[in-house]
Amino acid sequence: MQKIKSLMARQGLKSPQESMSDLSPVENLRIPSKEELRELRQQPIDPQAEQEIINSIEEVYFSSDSFDMVRHELEKLPPELNLQELEEHRDKLKRQQAAVSKKVADLILEKQPAYVKELERVTALQTNLQLAAVICTNARRQLRGAKEGFTEASLGLLANQRRRQLLTGLLKSLRTIKTLQRTDVRLSEMLEEEDYPGAIQLCLECQKAASTFKHYSCISELNSKLQDTLEQIEEQLDVALSKTCKHFDILHYTKVQRAYSLLGKTQTAMDQLHMHFTQAIHNTVFQVVLGYVELCAGNADTKFQKMQYKDLCTHITLDSYIPCLTDLCKALWEVMLSYYRTMQWHEEHDKQEAAPTPDDAAAGSDELSVDRSYVKKKLEHGLTRIWQDVQLKVKAYILGTDMSNFKYDDFIVVLDVISRLMQVGEEFCGSKSEVLQESIKRQSVNYFKNYHRARLEELRMFLENETWELCPVKSNFNIAQLHEFKFMGQCRSPSISPSRQSVSSSVPPQEELSLFQLHLQDGNPFEMHIDHKEEETEDVLASNGYESDEMEKSVYQDYDSDSDVPDELKQDYVDEQTGDAPLKSVSKETMRSKKKSDYNLSKVNAPILTNTTLNVIRLVGKYMQMMNILKPIAFDVIHCVSQLFDYYLYAVYTFFGRNDMYESSGLGLISSRLRTTLNRIQENLIDMDPVGENAGVHGPAEDRKEKVPSPHLSQLVVLTNSGTLYGLAQRVVATESLVFLAEQFESLQSHLDTMMPAAKKPFLQQFYSQTVSTASELRKPIYWIVAAKAIDYEQMLLLMAGVKWDIKEIMSQHNIYVDILLKEFEQFNKRLSDVSRHVRIPLPVSNVLWEHCIRLANRTLVEGYSNVKKCSNEGRALMQLDFQQFLMKLEKLTDLRPIPDKEFVETYIKAYYLTENDMEQFIKNHREYSMKQLANLVNVCLGSHINKKARQKLLAAIDDIDRPKR
């Protein structure tokens, strides 16, 4: 088989399949010729035999076109070839081929019309395809020309443009990346310039850009760097926020808030701000106090820096206490002012942002409104918190030092500074500053107890060394001119009285600005306080007791003239009666009587007071200053003020008014109210056992601490010299200075009343009604002693005893004792004038003196008449003549009307003419006469007209009247 194949290969023969494959498709489909078809038809036709032949063909011949039949037949050949078999097999194959060909020829002939028709279509298609080939060839040729002439050039331009755009975008990206790489330098510059909003805006934009170019490897590192930078900006922003706590700057704060707004951390910023304010308060007070402590310590010891603030406050010295307190308040004021301005900024900012917004910004505005609401609540809540921190810091400072040894002025400065701080607190958050009030109250009570005790001792020393000389002050002197009372004209304290507040608030045009409004931009309320203190002066003293030499001259020139008395002096004359400013006029009749009983024109009509009185008034002013600043201790202060007045009153009474002859005089010189007051003062204020032998008897030591020993009159004051009317000048100065003091207390009552707690007001009312109002009542007992000694009443009794009253004829001449008595009065009047040249004697004083002298003279007359053993009707007439002569001459000496006790004498003389029945009624109705005087009436007048039994009855009636007195 291999040999056959190799042979076929050498001869160039091909297998039938290969031969078939070499034919073109048209050749494969060649139609058998007519001869072939005819030859095939002529072959014997046996369909059955033909079918059997076809069926005998192997299946493999129908398998595929690629079947190699030659190889197949060759492979079927046996190893040993037999020609006959080969020929038989060949014939068989030929028969099979012939059967197949005949079958195919039949099928072709059967399909001949369709074949022809289809062939025509194929031919037409071939023609069309050839035409299409020509068209395509032409089109390709033209397209090639177009490509060469237009497409390549245009599309090249487009490609280049696209490439250019890509490169431009790349360049832009590269430039952006380059800018991003250099951003940190610009960010540093902006942070140095404190342009925080710009820095954050730049940083956020860089982050956004970095996210756009994150596909570049160099950007990922830059992104983390930007995040670190943003955190660094936030840290610096927090530092910048903390700076606003001490020195608020609108532009600076606006930048910071805008920056936080860009970060979306407005609420966080507000939380941080409050933490910074708290820290600022602590750091500020600590640094201020530490500075003073180290300054006073004088060494570089660092132990103070490690101390707690509370412990540090205990190292402040007394000299540096007030400057440190002032600086402390100034520093705290700056912090609170910054907070106030911060709130103000937010209020204005909220108003601007509250303007109507477009609909598309509704969502953003909702978020802003939530932030604004949070900020507003946080700021309002922070007011109380910050003020509480301030109070606690100042409280620690106040209680860190014992102020009991402070000078008064220094302590008042402390109180005033704290008072101003409390005013700041009230305006800052409406707080009543309970913490500050409690701490300053503790210090004030402690200080005031020691201070008041020392002042009472000082007052006792003043009184014991007082010579009761006139202190020369100007005629228009008013306590408001004193340095200590300046505070009453200033409305700068938070404890200003409600009445004054209501008065000031009733004037709408001038609305008072708050401290924050006054010092919004510059200045400090505590600096203003110090400046004001330095400017305070007073000018109350007169030169040598006169306003001027001209005034002194005019006073003496006009003393003896009725018509040329200046109006000012007339007014001043009345002024002393009322104690008020000279507003009233006085009648000419009263002015003409000045030679008799008005002795106040010998000096300019200035108030009568002593150095001690002035000191007491100053003390009262100081006490009221303390009370004005610190209302919680108002009652304690007013109680001490009352003790000052009590002690002064008691001293004046003890020095000049105490006399055992009061009771026996029967004149009722000391009223029950005055006696009660004096007893109360002696019991509550006067230490009757200063040495301490009987401490247990007079109460516990604590009670005795609050008492003061009774004062003793200075040995320089002589009250026994008749030439000076038994110290009348000193008595006038002492008594009238007390009256002047009482008048000043009266003028201060309304102010004290507004300070007094409601529950304690009855004490104040009782003090004024029971004590202050009794000051003028001391005139009677004090001047009575002068009146009792100035005129020799005993001599008059002796002269009257020598007069014969049982005369038989009516006399036309009065007795000599009347002339002697009138001479005594004239001498008294002259001495009064002499005294008035040194000390002005006010009209009420001269009236009291004359009243006492006349009253004593009249009672001496009655006493003299009651000593008469025998008296006739003519003697009674002589008594009346003597008394009328006395009255007539006396009325020329004094303008006092009516004459005191005139009826007392006249009634007694007329009683000589009464009958028995009238006398009994007279005895019952006139208990002002003594038992001896009434008995004389019975014995002398009725003795000769009634029997012994009737006389005994009348004497028994007199005895019954006198018994209750005993």
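Here the structure is a predicted model, which means the values were calculated and not measured.

**A word on the packing of helix α26 (residues 634-657) against helix α28 (residues 672-684)**
Packing of α26 against α28 leaves a shortest axis separation of 10 Å and a crossing angle of 110°. Looking at the two axes, α26 sits roughly perpendicular to α28. Taken as a pair, α26 and α28 cross one another with a handedness that is left-handed. Residue-level contacts link Asp-646, Leu-649, Tyr-650 and Tyr-653 of α26 to Leu-678, Arg-680, Ile-681 and Gln-682 of α28. Among the residues making up the contact of α26 with α28, the classes are represented as five nonpolar, one polar and two charged.

**Considerations on the environment of Leu-379**
Inspection of the secondary structure puts Leu-379 in helix α15 (residues 362-399). Spatially, the C-alpha atom of Leu-379 lies 6.8 Å from that of Met-343, the residues being 36 residues apart in sequence. The contacts of Leu-379, once residues within four sequence positions are left out, are Met-270, His-274, Tyr-339, Thr-342, Met-343 and His-346.

**Side note on helix α35 (residues 843-866)**
The terminal C-alpha atoms of α35, which comprises 24 residues, lie 34 Å apart, in line with the 34 Å expected from a rise of 1.5 Å per residue. Here α35 lies mainly inside the structure; 21 of its 24 residues are buried.

**Let's talk about the nonpolar core**
Counting 226 residues, the largest nonpolar core has Tyr-321, Tyr-397, Phe-645, Leu-728, Phe-825, Tyr-865 and Phe-886 as its most contacted members. The greatest single-element share of this core, amounting to 16 residues, is contributed by α26. The contact partners of Tyr-321, leaving out residues within four places of it in the chain, are Ile-316, Tyr-397, Ile-398, Thr-401, Met-403, Phe-406 and Val-414.

**Notes on a nonpolar patch on the surface**
A contiguous nonpolar patch, built from Leu-167, Leu-170, Leu-171 and Leu-174 and spanning about 340 Å² of accessible area, is present on the exposed surface. By secondary structure assignment, the location of Leu-167 is in helix α8 (residues 112-192).

**What about the packing of aromatic side chains?**
Under the definition given, this model contains 30 aromatic pairs. Ring centres of Phe-277 and Tyr-339 lie 5.0 Å apart, and the angle between their planes is 75°; on these two criteria the pair is classed as edge-to-face. One end of the pair, Phe-277, is in helix α12 (residues 266-297); the other, Tyr-339, is in helix α14 (residues 318-353), and 62 residues separate them in sequence. The exposure class assigned to Tyr-339 is buried, which follows from its relative accessible area of 0%. When the centroid spacing of 6.0 Å and the interplanar angle of 90° are considered together, the rings of Phe-645 and Phe-767 count as edge-to-face. Taken together, the residues Phe-645 in helix α26 and Phe-767 in helix α31 (residues 761-770) connect sequence positions 122 residues apart. Owing to a relative accessible area of 6%, Phe-767 belongs among the buried residues under this scheme. Of the aromatic side chains, those joined through ring pairs into one cluster are Tyr-408, Phe-411, Tyr-447, Phe-448, Tyr-451 and Tyr-623. Above the ring of Phe-635, the side-chain terminus of Lys-760 is found at 4.5 Å from the ring centroid. Above the face of the Phe-904 ring, Arg-859 is positioned so that its terminal group lies 4.4 Å from the ring centre.

So, how was this worked out
Residues numbered from 1 in each chain as written. Predicted model: local features only at pLDDT ≥ 70, side-chain atom pairs only at ≥ 80, totals over all residues. Heavy atoms only, no water. Axes fitted to C-alpha atoms, helices over the stretch in contact; angles between N-to-C directions. Helix = DSSP H or I, 4+ residues; strand = E, 2+ residues; numbered from the N terminus. Parallel < 35°, antiparallel > 145°, perpendicular 65-115°, else oblique. Left-handed = near helix turned anticlockwise from the far one by under 90°. Contact = heavy atoms within 4.5 Å. Nonpolar A, V, L, I, M, F, W, Y, C, P; charged D, E, K, R; others polar. Expected span 1.5 Å × (residues − 1). Buried < 20%, exposed > 50% of the residue type's maximum accessible area, 1.4 Å probe, protein only. Core = buried A, V, L, I, M, F, W, Y, C linked by side-chain atoms within 4.5 Å. Patch = residues over 30% accessible without salt bridge, like charges linked within 9 Å, V, L, I, M, F, W, Y side chains within 5 Å. Areas by Shrake-Rupley, 256 points an atom, 1.4 Å probe, with all protein chains shown as cover. Salt bridge = Lys/Arg side-chain N within 4 Å of Asp/Glu carboxyl O. Phe/Tyr/Trp six-rings, centres within 6.5 Å; stacked < 30°, edge-to-face > 60°. Lys NZ or Arg CZ within 6 Å of the ring centre and 35° of its normal.

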